Amino acid sequence: MTSVDVKTEAEDSGPSGYAAARLRLLQEEAQSGPPRRTALADLTDDWLSGLFTAAAVDVKGASLVAVGGYGRGELSPRSDLDLLLLHDGDADSGAVASLADRIWYPVWDMGLALDHSVRTPSEARKTAGEDLKVQLGLLDARHIVGDLGLTAGLRTAVLADWRNQAPKRLPELQELCAERADRQGELQYLLEPDLKEARGGLRDATALRAVAASWLADAPREGLADARRRLLDVRDALHLTTGRATDRLSLQEQDQVAAELGLLDADTLLRQVYEAARTVSYASDVTWREVGRVLRSRGARPRLRAMLGGGSKPMPERSPLAEGVVEQDGEVVLARTARPERDPVLPLRAAAAAAQAGLPMSLHAVRRLAGAARPLPTPWPAEAREQLVTLLGAGRPTVEVWEALEAEGLITRLLPDWERVRCRPQRNPVHTWTVDRHLVETAVRASALTRRVGRPDLLLVAALLHDIGKGWPGDHSVAGEIIARDVAARIGFDRADVAVLATLVRHHLLLIETATRRDLEDPATVRSVAEAVGSQSTLELLHALTEADALATGPAAWSSWRGSLVADLVKRVAAVLAGDAPEEPEPAAPTAEQERLAIEAFRTGGPVLALRAQTEPQLETSDVSDAEKPSADPEPLGVELLIAVPDQPGVLPSVAGVLAMHRLTVRTAELSALPLPDGVNDESYDSVLLLDWRVAAEYGSLPQAARLRADLVRALDGSLDIPARLAERDAAYPRRRGTVAPPPRVTVASAGSRLATVIEVRAQDAPGLLHRIGRALENAHVRVRSAHVSTLGANAVDAFYVTGPEGAPLPGEEASTVARALEETLRG
């Protein structure tokens, strides 16, 4: 059935005909995108025209007007109908009200959302002058039926008002867009974006139309219409798959929406959404900058005329920034003598100059460079490499300049491997950015750390490349090492520097993973890191890269606690690289407090505990910038929880379960056995277990030690059912829909330690996870020497150093058996 047939059916059959025709139109697989939106708007126009014509017998001088999205003909399957009943004011008010009711009620009866108003042209203009959102809707006013002259007169008047008031209303519109962006975030980075309200979404695209209608400025048009179309197509598919009028692209609906659009998967969908949003965001940045320039020049023009006595218009001032690059009117432009077709380094030189000056690049300049610049030779000349490093080292201004180059395709021309990470989503909620923006953000963070390293150029380039392998299958660090070697050689680094960059990319996660998941007292741990790093200078670079990477990832990826662990590891590795071989650790002598707790535990026959706050040690700050200096008060790293308890089965799961009940997060756990004091004999047990844990409250204040001890006593004697208590707590909170977490994975770390077997657990974080792991290890008859707990977003990555009953590492097959049993327990 053609769209003409559908319209005819709607006209012939009234509301029921419209409903059937609408349903048939939405179910037509061959028709989607702009044709379907246009056909749906036409179908709705015809139905409403019929309603109006039948009801307007007694009313002259009236028209029905579509405004907003309906006025633009952008009807998605569940879109609101934005309607204005316009009348000239001469008709009886009761007749006008009756006409409105005979239109509005059939719409409501159809179950369609309706945004409606009844106004005269003067009332409409007055309301628009008071309410910016109303004025924006009227800019897209479209006649449906009735008095065409009335509608045309309103359109002409509204556009004239908008253009006359633009110097006042455009700043108001810009502020409205900025407030919305603060609330909703940036569409191009969100895992569950609002297609309409987030920055770079459909609202911003509509705002750009309003700016163009003002005649003060215009948006870059290349790609903008296509970006808008893609976002509307995604919204259509979202409406069809959910059956709801929603603009929020939730995680659980992305696969269905992708299938509706014929895309490979949800990642492909998100990448298309991000690309469209990036186009809209960049166009918005350029447009609002141009609006500001025009408004500033208008304000300055009367003063200039007075100063020049009404003479000719002065030429704008141009200040040189670099060869072929000047500043003009707050933007970076090309000098009149610049010849991009003869100067292949000019794009990087202009970008570096702009970032260092903290200025945006003009749209005209970037497009001229994209259209005329020659490709760089391979390897790059030294100046090109230096300009890239200068661009990356400029700090926060690098982001805006990089985005301008990327918008015109210059980045992928300079670095072809960038295409695979461009707009690539990261499903881990720990990550704030897409892969490409994360890489740029890491360079921004690294620029603040360049004074800590001897080769800042290698640090900045490693920051830009460390996740470049995420566009390829397999381990991104392994793939990234290969790509980094190729890129580093192509941009002109010598063989030794290429090797360092490859090492940094290959091992950019080594320090943080080792520090948070391995026993730093174990010489094997330190030696393995030293062997991977190879030199003091590389270790120095890797330390700075680790911090920059974590800071650029998101708030959950870095803390003073993590920083202190990494710094401790770096100190130990540096000693090994300097020739100081680590010695096998002697069993540490118990402290006075530990001895006191052990004696008290022996005397009472039950657990004894103590809580003590831990703080970050103050650093030397003579060589640190003000931005990097710690605050005057040391930052708490957590609370040290010391527990002494007579050695008995079930200590680890009992303690972990009690801590989970009290909403305490475990960061590290050390377990050791202290012999009974001299002269003491007791047949019930021969040692006291000492647990030295670092914990932090999920929220609120820490529980009292007495309450912890009381619950621990009950847990150990079996009168406290920890699994049941944790289950009750979970049941008290409503379950939310979300993505299905991947299954847990338990592995044995090869060559992890000579003193113990390292079992690594990767699982979805949940209350009581450590309790369940402890019970499973207890059932496997192994002893836990220490635990290193790391939580990244919803993911727990925990390492347990275990031994057999006699204190030796587990044989290979037994270790594998324990790991398999633990994995089966967690999956069950």
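This one's a predicted model, so the numbers in the text were calculated from it and none came from an experiment.

J.: Would you mind going over the overall build of the protein chain with me for this structure?
T.: Per the secondary structure count, the protein chain includes 30 helices and 15 strands. Residues classed as buried in the protein chain amount to 51% of the 828 residues present. The long-range fraction of contacts in the protein chain, counting pairs at least 24 apart against all pairs at least 6 apart in sequence, stands at 71%. Carbon and sulfur atoms make up 50% of the accessible area of the protein chain, which totals about 38100 Å².

J.: Where do I start with helix 26 (residues 651-661) in this structure?
T.: Since the α-helix turns once every 3.6 residues, residues separated by three or four places project in the same direction. Along helix 26, 11 of the 11 residues are buried, which leaves the element largely enclosed by surrounding structure. All of the buried residues in helix 26 are Val651, Leu652, Pro653, Ser654, Val655, Ala656, Gly657, Val658, Leu659, Ala660 and Met661.

J.: Please explain the nonpolar core as it appears in this structure.
T.: One recurring pattern in soluble globular proteins is that nonpolar side chains are buried together. Counting 96 residues, the largest nonpolar core has Met361, Trp380, Trp402, Leu415 and Trp418 as its most contacted members. Each residue touching Met361, except ones within four places of it in the same chain, is listed here: Arg289, Val332, Ala350, Ala351, Ala354, Val366, Leu369, Val401 and Leu405. Leu641, Val746, Val761 and Ala815 belong to the second-largest nonpolar core, a separate cluster that totals 50 residues.

J.: I would appreciate a short explanation of the sheet that holds strand 5 (residues 318-322) in the present structure.
T.: Paired through backbone hydrogen bonds, the strands of a sheet run either parallel or antiparallel to each other. Read from one edge of the open sheet, 3 strands run 5-6-7, paired in antiparallel fashion. The open sheet has two free edges, formed respectively by strand 5 and strand 7 (331-334), since each of these has just one partner strand. With direction set aside, neighbouring strand axes in the sheet form an average angle of 40°. Relative to strand 7, strand 6 (residues 325-328) is paired through 4 bridges, and the arrangement is antiparallel. Looking at the pairing, Gln328 lines up with Glu331 of strand 7.

J.: Got a minute to help me understand the pairing of strand 11 (residues 687-697) in this structure?
T.: Consecutive residues of a regular strand have side chains that alternate between opposite faces of the sheet. The buried fraction of strand 11 amounts to 9 of the 11 residues, a majority that puts the element mostly inside the structure. Where strand 10 (residues 664-675) lies against strand 11, 11 bridges are found, and the strand directions are antiparallel. Counterpart to Leu674 in the pairing with strand 11 is Val688.

J.: Just checking my understanding: could you explain the sheet that holds strand 4 (residues 142-146) for this structure?
T.: Spatially, the 4 strands line up as an open sheet ordered 3-2-1-4, and their pairing is mixed. Taken across any chain shown, the strands that pair with only one partner, and hence form the sheet edges, are strand 3 (114-119) and strand 4. This sheet shows a mean twist of 25° between the axes of neighbouring strands, independent of strand direction. Relative to strand 2 (residues 81-87), strand 1 (residues 62-66) runs antiparallel, the two being bridged by 5 bridges. Counted as the bridge partner of Leu64 is Leu85 from strand 2.

J.: Even after reading the chapter, I still don't get the packing of helix 26 against helix 28 (residues 722-731), so can you show me in this structure?
T.: A pair of packed helices is characterised by two quantities: the angle between their axes and the separation of those axes. The geometry of helix 26 relative to helix 28 is characterised by a closest axis approach of 10 Å and an angle of 25° between their N-to-C directions. Taken together, helix 26 and helix 28 sit at an angle that is classed as roughly parallel. For the pair helix 26 and helix 28, the sense of crossing is left-handed. Where helix 26 abuts helix 28, its residues Pro653, Ser654, Gly657, Val658, Ala660 and Met661 lie against Ile722, Arg725, Leu726 and Arg729. Of the residues assigned to the contact of helix 26 with helix 28, the class counts are 6 nonpolar, 2 polar and 2 charged.

J.: How should helix 5 (residues 121-130) be read in this particular structure?
T.: Listing the buried residues of helix 5 in full gives Ala124, Thr127 and Ala128. The arc that holds the buried residues of helix 5, viewed along the axis, is 100°, so those residues lie on one side. What points out from helix 5, more than 90 degrees from its buried face, is the exposed set Ser122, Lys126 and Glu130. Those residues of helix 5 that are buried are in contact with strand 3, helix 6 (132-138) and helix 7 (148-184).

J.: I would appreciate a short explanation of the pattern of salt bridges in the present structure.
T.: Working definition: two side chains of opposite charge can pair if their charged atoms are close together. Taken as a whole, this structure holds 56 salt bridges when the rule is applied. Close ionic contact of Glu222 with Arg367 constitutes a salt bridge, the shortest N to O distance being 3.0 Å. Separated by 145 residues along the polypeptide, Glu222 in the loop between helix 8 (202-214) and helix 9 (224-242) and Arg367 in helix 13 (residues 363-372) bring together distant segments of the chain. For Glu222, a relative accessible area of 56% corresponds to the exposed category. Across the pair Arg572 and Asp568 runs a salt bridge whose closest N-O atoms are separated by 3.1 Å. Of this pair, Arg572 and Asp568 both sit in helix 24 (residues 560-577), 4 residues apart, which is roughly one turn of the helix. Bridged by salt links that share partners, the residues Arg37, Asp226, Arg229, Arg230, Asp233, Asp236, Glu275, Glu419 and Arg422 form one connected network.

J.: Honestly, the side chain of Thr206 in this entry has me stumped. Any pointers?
T.: Note on placement: Thr206 falls in helix 8. Among the residues examined, Thr206 registers a relative accessible area of 17% and is labelled buried. For Thr206, the residues in contact, after removing those within four places along its chain, are Arg72, Asp140 and Arg228.

J.: Would you mind going over the confidence of the model for the protein chain with me for this structure?
T.: Do not read the predicted coordinates in detail wherever pLDDT is low. Residues of the protein chain with pLDDT of at least 70 account for 88%, and the chain-wide mean is 86. Counting interchain partners and residues more than four positions distant, the pLDDT-below-50 stretch residues 616-637 has 27 contacts.

Parameters at a glance
Residues numbered from 1 in each chain as written. Predicted model: local features only at pLDDT ≥ 70, side-chain atom pairs only at ≥ 80, totals over all residues. Heavy atoms only, no water. Helix = DSSP H or I, 4+ residues; strand = E, 2+ residues; numbered from the N terminus. Buried < 20%, exposed > 50% of the residue type's maximum accessible area, 1.4 Å probe, protein only. Contact = heavy atoms within 4.5 Å. Areas by Shrake-Rupley, 256 points an atom, 1.4 Å probe, with all protein chains shown as cover. Core = buried A, V, L, I, M, F, W, Y, C linked by side-chain atoms within 4.5 Å. Pairing = 2+ DSSP bridges. Axes fitted to C-alpha atoms, helices over the stretch in contact; angles between N-to-C directions. Parallel < 35°, antiparallel > 145°, perpendicular 65-115°, else oblique. Left-handed = near helix turned anticlockwise from the far one by under 90°. Nonpolar A, V, L, I, M, F, W, Y, C, P; charged D, E, K, R; others polar. Arc of directions from axis to C-beta. Salt bridge = Lys/Arg side-chain N within 4 Å of Asp/Glu carboxyl O. pLDDT = per-residue confidence, 0-100.

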